[in-house]
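# Observations on chain architecture
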Amino acid sequence: MSSDTGPLYLGFDLSTQQLKAIVVNSDLKTVAQAKVDFDGDFSPKYGVSKGVHVRPSTGEVYAPVAMWMESLDLVLERLAAAMADRGASMARVAAVAGSGQQHGSVYWAAGAEDALAALDPARPLVAQLAPVLAHDWSPNWQDQSTQRECDAFDAELGGRERLAEVTGSGAHHRFTGAQIMRMKHVRPGVYDATARISLVSSWLASLLLGAIAPLDVGDVCGMNLWDMPNQRYSEALLALAAGGPGAPADELRRRLGEPVMDGGAALGRVSPYFVGRYGFAPACRVVPFTGDNPATILALPLRPLDAIVSLGTSTTFLMNTPKYKPDGAYHFFNHPTTRGSYMFMLCYKNGGLAREKVRDALPPRPTTSKTRTNSAAGNDGDGGDDPWAAFNKAVLDTPPLDVAKEGDRAKLGLYFPLRETVPNVRAGTWRFTCSAADGSDLTEFSSSSPSTRETWPAETDPRIITESQALSMRLRSQNLVHPPRDGLPAQPRRIYLVGGGSLNPAIARVVGEVLGGADGVYRLDVGGSACALGGAYKALWALERGDGETFDELIAKRWTEEGSIEKVDVGFRDDGTYQRYGNVLGAFEEMERRLLAQEKYDQGEK
């Protein structure tokens, strides 16, 4: 079947600030795309800023669900027009999947199932579905209002590490279980009026399906309610979220529904609403929608031992792994398509912001045509006339760990303009040195204390902060990697960089030196639509997979590297650099431990 008459696959991404839609053909080529920007399209009506409302007094961050309903109609209007401009028809869309901002929840009232099943194509979604919401607002992943609930979750099973063993994560403000528990406590009337609870991903799938869609096998793990080793809900945690120990767990289980364990299952045909209003074919299938983080790893054929490093305002490390080794400092989710595999995720608040502060502390350096060439596209997402030239030069001029000759002590540091989550350390800057040979004799060189004046040159910090961010990823992923082939130390096979910082050659080099990457470090370019693209690929796999054919196998056959990725660093070097960073990994971990202990001591003193 030719590419211009064959089936098409539609992927959505409902993020904090936008709703994106992208259509691909069976060869994974993009046919059309469209988006809605919540601030630009709806801010006057819904009063949102960056897609949300914020209540500083409580730490609540939430979004109007009605705005999302209007956005789905609007994005499909725009997508249908874009497809028509390319000579394509919505009737060719054979399946639809997608993603939603992880952890967010939507509360349906009684009558929602009936309203979804009886949608009138002549009327907009918001007029028909807003009346069957039990709550007009969806708690956003940025919400900070659930500390009391998080403490209860961490304690319920015997501590934070035990919670992580069971659910894949320690308790976090944004996780849905804590949000539901707070809803039950703060707004009992809303909870009592709630017939079903959807995640943002399954809520969007429900609209397309015309029925309440089940939660996805990958997204259900972002709730602190799913028992990962046993692949079922935790009775104790369901009861906790539903009102505390002794509360009926079945009450919340009924509201959530059982998740679908096959990420490629056909949930049913698209609602007649979308057939009549936008020209979808009646046979178009709806496939489970997943979370935005799991969808990211579906945007390319990510094999076990491959990793994605997102270098934006924050930093995220994602890896596909068959090993389940949880820890309270990071996250494990079920892989959204491959049973027996997991998605390992690290999230750091201090990414691009911390690098920018180090950059801005450097003495000014004249920009020349030569430096512009050498650091082409070296911006950390900021644009301008090469604002990163001095930073990049400092990184490349400083040897690894600032060890220039035998006997030099290795330099380590932590640079946190914001309180970090991994590790949970207060804002500040700390500098340490240790033996380069084995990491022994760890000594604090300076701190952010005003009484401490000793420091090293500002030109040293760019190298040390970039190494520090990569060392933290290596420390926490070291038990998940193994030698990719004989004769090599344990490390990722490939490392893919995304985000603004992926354009910076100095950062790419340090990532390769510290994390390795036996087959190299690559910049991945999916045009800012990774989550929507992952959803479209998921829909394609669901319909076109052979018996037993995995997602990665099918996508790898059709995915071409040309135009999608660019090799930006060799990755692992056989000159001993990777091993030298390994020598100080224990010292890096000890540095974090000391700072955590010091903070606890200081809090106790107060």
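This structure is a prediction, so every number in the text was calculated from the model and none was measured. (Residues numbered from 1 in each chain as written. Predicted model: local features only at pLDDT ≥ 70, side-chain atom pairs only at ≥ 80, totals over all residues. Heavy atoms only, no water.)

### As for the confidence of the model for the protein chain
With 94% of its residues at a pLDDT of at least 70, the protein chain reaches an overall mean of 92. Low pLDDT, under 50, characterises residues 369–379; the predicted model gives this stretch 26 contacts beyond four residues in sequence or across chains. Contacts for the low-pLDDT stretch residues 448–453, under 50 throughout, to residues beyond four places or in other chains number five contacts. (pLDDT = per-residue confidence, 0-100. Contact = heavy atoms within 4.5 Å.)

### Here's the deal with the sheet that holds strand S4 (residues 53–55)
Judged by pairing direction, the sheet is antiparallel, and its three strands sit side by side in the order S4-S5-S8 without closing on themselves. The sheet is open, and its two borders are formed by S4 and strand S8 (137–139), each paired with just one other strand. Each neighbouring strand pair of the sheet contributes to a mean axis angle of 35°, computed without reference to strand direction. Of the pairings in the sheet, the one linking S4 to strand S5 (residues 60–64) comprises three bridges and is antiparallel in character. By the bridge assignment for S5, His53 is matched with Tyr62. The sheet strands contacting helix H2 (residues 65–85) are S5 and S8, and the helix crosses S5 at an angle near 40°. (Pairing = 2+ DSSP bridges. Helix = DSSP H or I, 4+ residues; strand = E, 2+ residues; numbered from the N terminus. Axes fitted to C-alpha atoms, helices over the stretch in contact; angles between N-to-C directions.)

### Focus: helix H17 (residues 461–477)
Across its 17 residues, H17 extends 24 Å between first and last C-alpha, which sits within 8% of the 24 Å expected from 1.5 Å per residue. Buried residues dominate H17, accounting for 17 of its 17 residues. (Expected span 1.5 Å × (residues − 1). Buried < 20%, exposed > 50% of the residue type's maximum accessible area, 1.4 Å probe, protein only.)

### Topic: the environment of Arg285
Tracing the backbone through its elements, the reader meets Arg285 in strand S13 (residues 285–286). By relative accessible area, Arg285 is classed as partly exposed at 30%. When the C-alpha positions of Arg285 and Ala66 are compared, they lie 25 Å apart, and in sequence the two are 219 residues distant. When neighbours within four sequence positions are excluded, Arg285 is seen to be in contact with Ala94, Ala95, Val96, Ala266, Gly268, Arg269 and Leu543.

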